[in-house]
Amino acid sequence: RKDKAYMAFWRPVDPEEVPDYYNIVRNPMDIETMRAKVDDGAYMRVGTFMEDLELIQANAREYNPCTHKDVRGRQICHSAANLIDNARSMIYRCRRKLGWDLFKRCDGVADRRRRRNRLLRLVAAGAADDDDAPFVEDDDPECPGRDNAKH
């Protein structure tokens, strides 16, 4: 859902509208870019997703003076902080509703993929030995509803 409070973060900043933005902000981020990263599978962990949201907030603070005299700058900084608060709240509600930590499970999957890919690179380079073999659990007690029986 597109919330008007986050309108400043929807798309990359237009350099014609804000000519000095890219001189001040060295690592820009916006929601449209994040959506493309989601579609490309670039976020293997919720933490990486949150880092990009925090980058939006850092950029808002870096570019906009958050003083009592600059109402627009203060509103943008407040909206960026609110964006992060809302994302954290959604993550918390998801954990509570599921009754287990989906994001922790996803982090485990990402770790196993990273170790497997490292092992594959070592095998391809001819440098792997038995100590490099990844540990893979066949069952996961943290995943309710999953058939944990050995097949």
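In every chain, residue numbers begin from 1 and rise along the written sequence. A pLDDT threshold of at least 70 governs which residues receive local features in this predicted model, and a stricter bar of 80 or more applies before side-chain atom pairs are shown or counted, although totals over entire chains, interfaces and linings include all residues. With hydrogens and water set aside, each side-chain value is computed from the structure's full complement of heavy atoms.

Novice: So, the packing of helix α2 (residues 31-39) against helix α3 (residues 46-63): which residues are in play, and what are the values?
Specialist: How two helices pack is summed up by the angle between their axes together with the distance between the axes. Interaxial angle, 0 to 180 degrees, is taken between N-to-C directions of lines fitted to C-alpha atoms, where a helix line uses only the stretch in contact. Each helix is a run of DSSP H or I of at least 4 residues and each strand a run of E of at least 2, with the numbering of both proceeding from the N terminus. Interaxial distance between α2 and α3 falls to 11 Å at its minimum, and their mutual angle equals 170 degrees. In terms of axis orientation, α2 runs roughly antiparallel to α3. Counted together, Ile31, Met34, Lys37 and Val38 of α2 and Phe49, Asp52, Leu53 and Ile56 of α3 form the full contact between these two elements. By the definition adopted for this analysis, an angle is roughly parallel if under 35 degrees, roughly antiparallel if over 145, roughly perpendicular if from 65 to 115, and oblique otherwise. Here, two residues are considered to be in contact whenever any of their heavy atoms come within 4.5 Å of each other.

Novice: Describe the pattern of salt bridges, listing the residues and the values that go with them.
Specialist: Whenever a carboxyl oxygen of Asp or Glu lies within 4 Å of a side-chain nitrogen of Lys or Arg, that contact is scored as a salt bridge. With the rule as written, the count across this model stands at five salt bridges. Residues Asp52 and Lys37 are paired through a salt bridge, measuring 2.6 Å at the closest nitrogen-oxygen approach. Separated by 15 residues along the polypeptide, Asp52 in helix α3 and Lys37 in helix α2 bring together distant segments of the chain. Here's how the labels work: a residue is buried when its accessible area is under 20% of the maximum for its type, exposed when over 50%, partly exposed in between, all with a 1.4 Å probe on protein chains only. For Lys37, a relative accessible area of 25% translates into the label partly exposed. Arg114 is the partner of Asp111 in a salt bridge, and the nearest nitrogen-oxygen pair spans 3.8 Å. Separated by three residues within a single helix, Asp111 and Arg114 lie in helix α5 (residues 102-125), roughly one turn from each other. Exposure remark for Asp111: the relative accessible area of 22% places this residue in the partly exposed category.

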